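As a plain string of letters, each chain reads:
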Amino acid sequence: MTIHELHQKLVNKELSALELTKAVIAHKEAVEGQVHAYLSDSHEQALAVAEAVDAKIAKGEAIAPLAGIPGAVKDNICIKGQPATCASKMLENFIPPYNASVIEALQGQDFISLGKVNMDEFAMGGSTENSALAKTTNPWNADYVPGGSSGGSAAAVSSGSAIWALGSDTGGSIRQPSSYCGVVGLKPTYGNVSRYGLIAFASSLDQIGPVARDVTDAALVLNAITGHDDHDSTSIPGQRPDYTKALVNDVKGMTIGVPKEYFGDGLHEDVRKAMEEAIETYRSLGAAIKEVSLPTTKYALSAYYIIALAEASSNLARYDGVSYGLRVPADNLVEMSTKTRTIGFGPEVQRRILLGTYVLSAGYYDAYYLKAMKARRLIKEEFDRAFEDVDVLLAPVAPNTAFKFGEKINDPLSMYLEDICTVPVNLAGIPAISIPAGFASNGMPIGMQLMGKPMGEEAILQAAYTFEQARPECNKVAPTGEVQL
Ligand code: GLN
């Protein structure tokens, strides 16, 4: 069930928001023993909002598109009075005293959250295995990771324990788990959605966005969270369009670029085949297909893992045992802070702080950080040039489908390499959507990525929507995902 279908049922009084919320909670309780998408619950608040929505419907008042439809929120987005752990021991007991701006916006639209969902610690990772608090499994097959870092968001939507979710994407963390779990994920243009209240990983790359069952729902969630925010100095000013207007089933006259660097040697054959079929689908629907070259793509992964880690080392300096979060007692301040940070942060977070501090240190700054920033500029300019000739770019979301638990966790470099197709988008600040594009021979979902120019969400939504209409067999519900109403 999608947001748009359920909204109709609520408005037509075929179903009440309370019945819907209870049904999704019951389903969630049935599947969570296997999936473990959630870190905390807010069922009581959810049921109270559902009743308020039903009261509005009974009075004949209009309700917002998301009103009364249960969602889930990644545990790095602050909801006042509810835990925001970032899946870290450091913040295990942290209760934010304020709402993220996206939550403020959603609460104004009678938003229902069933709880906070799992992630890689501080959003660092691509499998959710770096969570210090829970092990989330892939709803298609529990031997496989759900992807990450928004693995809880994608697994919750895929397993039907939320109808939609919020994730965050710094280098692919909305798109990659969405592709591994067979759902839709949208990373908006940097600055389109406010970051206020999103616990920072790498501030120049982080962006909140929707995880949803289909493209229409992704547009509806984006509509609900987009907009300028004075609390975020990098928020883009001005009005936003109604993104549902872009849901037009037509790609005639559209030029779709295929960047050849995304189809290199490491690409799994099943993923390559699915991308080729998708290109053929677009061609048959009347789109012009154009091969393009983005040669600086080869620098993107290195640049990302320097810039993101540099920013993380600075952002995470605040967890010193003094202001908030964990404090491990010791005899003096330095020892207290050291103990707090070695016990509070997991191994991947510590590795990243060390690397990030290193690339910023005197003597290495120019060789690493400054060079990475120059590469970033070149990557951005190359995208700008490509978008002079094409409307959207089509590429895989990841070189492989979901992998098994333990396969990459002890080899950080092989885990980082899975980010090769997603990080250029964050470096350039452009929007990209991940949509289901078929299944690998082992039954795991394959995701296709459509990238757009800055604030070009409408073009990627239109191309994604058209594909979804033409190839409905690509978007199936996971074995555990069917909610009984
Ligand atoms: N997998 C990438 C990383 O580990 C992306 C993470 C993200 O987008 N939050 O940095």
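1. Focus on the overall build of the protein chain
From N to C terminus, the protein chain includes 15 helices and 11 strands. Scaling as 2.2 N^0.38, a compact globule of 485 residues should have a C-alpha radius of gyration of about 23 Å, and the protein chain matches this with 21 Å. Along the three orthogonal principal directions, the C-alpha set of the protein chain runs to about 65 × 50 × 45 Å. Among the 485 residues that make up the protein chain, the fraction classed as buried is 61%. Long-range pairs, those at least 24 residues apart, make up 76% of the contacts in the protein chain with a sequence separation of at least 6. As displayed, the protein chain has an accessible area near 17,900 Å², and 52% of this comes from carbon and sulfur atoms. In the protein chain, the 41 positive side-chain charges and the 56 negative ones have mean positions that sit 3 Å from each other.

2. Description of the site of the ligand
By nearness alone, 14 residues border the ligand, and Thr170, Gly171, Ser173, Tyr304 and Arg352 come closest of all. Within the side chain of Ser149, an N or O atom sits 3.4 Å from a nitrogen atom of the ligand. Ser173 has a polar side-chain atom sitting 2.6 Å from an oxygen atom of the ligand. Calculation on the ligand without its partners gives an accessible area of 290 Å², and the protein chains cover 99% of this total. Put simply, the ligand lies in the largest cavity. Within the shell around the ligand, the residues separate by chemical class into 5 nonpolar, 6 polar and 3 charged.

3. Some remarks on the sheet that holds strand 11 (residues 445-451)
Note on sheets: strands pair through backbone hydrogen bonds, and any given pair is parallel or antiparallel. With mixed pairing, the 11 strands of this open sheet are ordered in space as 1-3-2-4-6-5-10-11-9-7-8. Whereas interior strands pair on both sides, the edge strands pair on one side only; in this sheet they are strand 1 (38-41) and strand 8 (288-292). In this sheet, neighbouring strand axes are inclined to one another by 30° on average, regardless of whether the strands run parallel or antiparallel. Pairing of strand 2 (residues 70-74) with strand 3 (residues 112-117) involves 4 bridges; the strand directions are parallel. Each bridged residue has a counterpart across the sheet, and for Gly71 the counterpart in strand 3 is Ser113. Running over the sheet, helix 2 (residues 17-35) touches strand 1, strand 2 and strand 3 and is turned about 20° from strand 3.

4. Examining the confidence of the model for the protein chain
Residues shown with low pLDDT carry predicted positions that ought not to be read at fine detail. When pLDDT is averaged along the protein chain, the result is 97; 100% of the residues meet or exceed 70. By mean pLDDT, helix 13 (residues 412-417) is the weakest element of the protein chain at 92, and strand 5 (residues 184-187) is the strongest at 99.

5. A look at the nonpolar core
Counting 147 residues, the largest nonpolar core has Phe122 and Leu166 as the members making the most contacts within it. Among the elements that line this core, the one with the most residues is helix 9 (residues 297-315), at 11 residues. Residues Tyr144, Val145, Tyr180 and Met444 belong to the second largest nonpolar core, which totals 10 residues.

6. As for empty space enclosed by the protein
By the definition in use, this model includes 5 cavities of 30 Å³ or more. What the largest cavity holds in volume is close to 100 Å³. Lining the largest cavity are 15 residues; nearest its centre among them are Gly125, Gly171, Ser173, Tyr304 and Asp419. Residues belonging to the lining of the largest cavity are distributed by class as follows: 6 nonpolar, 7 polar and 2 charged.

7. Some details on the side chain of Thr401
You can see Thr401 is positioned in the loop between strand 9 (392-396) and helix 13. Among the residues examined, Thr401 registers a relative accessible area of 9% and is labelled buried.

8. Examining the packing of helix 7 (residues 215-225) against helix 15 (residues 457-470)
Relative to each other, helix 7 and helix 15 sit at 155°, their axes nearing to 9 Å. The pairing of helix 7 with helix 15 is recorded here as roughly antiparallel in orientation. Residue-level inspection shows Val215, Thr216, Ala219 and Leu222 of helix 7 in contact with helix 15, the latter providing Glu457, Leu461, Ala464, Tyr465 and Glu468. The class makeup of the residues in the contact of helix 7 with helix 15 is 6 nonpolar, 1 polar and 2 charged.

9. Focus: the pairing of strand 7 (residues 255-259)
Most of strand 7 is tucked away, with 5 of its 5 residues classed as buried. The side-chain alternation of strand 7 yields two buried faces, one formed by Thr255, Gly257 and Pro259 and the other by Ile256 and Val258. Sheet analysis places strand 7 next to strand 8, joined by 5 bridges and oriented parallel. For Gly257, the partnering residue across the bridge sits in strand 8 and is Lys290. Between the parallel pair strand 7 and strand 8, the chain is carried across by helix 8 (residues 269-284), and the sense of this crossover is right-handed.

10. Regarding the environment of Glu482
Relative to the assigned elements, Glu482 resides in the segment after helix 15. Along the sequence, Glu482 and Ser158 sit 324 residues apart, while their C-alpha atoms lie 9.2 Å from each other. Excluding residues that lie within four positions of it along the chain, Glu482 makes contacts with His27 and Val477.

11. Notes on the packing of aromatic side chains
Across all of its chains, the model carries 17 aromatic pairs by this definition. Consider the rings of Phe111 and Trp164, whose centres lie 5.9 Å apart with planes at 55°: the pair is tilted. In this pair, Phe111 sits in the loop between helix 4 (101-107) and strand 3 while Trp164 sits in strand 4 (residues 164-168), placing the two residues 53 residues apart along the sequence. Here Phe111 falls in the buried class, since its relative accessible area comes to 7%. Members of the aromatic cluster, connected to one another through ring pairs, are Phe94, Phe122, Tyr319, Tyr324 and Phe345. The ring of Tyr38 carries Lys28 above its face, with NZ or CZ at 4.2 Å from the centroid. Cation over ring: Lys476 sits above Phe439, and NZ or CZ is 4.7 Å from the ring centre.

How each quantity is defined
- Residues numbered from 1 in each chain as written.
- Predicted model: local features only at pLDDT ≥ 70, side-chain atom pairs only at ≥ 80, totals over all residues.
- Heavy atoms only, no water.
- Helix = DSSP H or I, 4+ residues; strand = E, 2+ residues; numbered from the N terminus.
- Rg over C-alpha atoms; globule rule 2.2 N^0.38 Å.
- Buried < 20%, exposed > 50% of the residue type's maximum accessible area, 1.4 Å probe, protein only.
- Contact = heavy atoms within 4.5 Å.
- Areas by Shrake-Rupley, 256 points an atom, 1.4 Å probe, with all protein chains shown as cover.
- Lys, Arg positive; Asp, Glu negative; His and termini not counted.
- Charge placed at Lys NZ, Arg CZ, Asp CG, Glu CD.
- Near = heavy atom within 4 Å.
- Polar contact = N/O pair within 3.5 Å; in protein donor to acceptor, adjacent residues only side chain to side chain.
- 1 Å grid on protein atoms, 1.4 Å probe; cavity = no way out; pocket = protein on both sides within 12 Å on 5 of 7 lines; lining within 4 Å.
- Sits in = over half its atoms within 2 Å of the grid points.
- Nonpolar A, V, L, I, M, F, W, Y, C, P; charged D, E, K, R; others polar.
- Pairing = 2+ DSSP bridges.
- Axes fitted to C-alpha atoms, helices over the stretch in contact; angles between N-to-C directions.
- pLDDT = per-residue confidence, 0-100.
- Core = buried A, V, L, I, M, F, W, Y, C linked by side-chain atoms within 4.5 Å.
- Points joined across faces, edges and corners; volume = space filled by probe spheres on them.
- Parallel < 35°, antiparallel > 145°, perpendicular 65-115°, else oblique.
- Right-handed = clockwise from strand over helix to strand, strands pointing away.
- Phe/Tyr/Trp six-rings, centres within 6.5 Å; stacked < 30°, edge-to-face > 60°.
- Lys NZ or Arg CZ within 6 Å of the ring centre and 35° of its normal.

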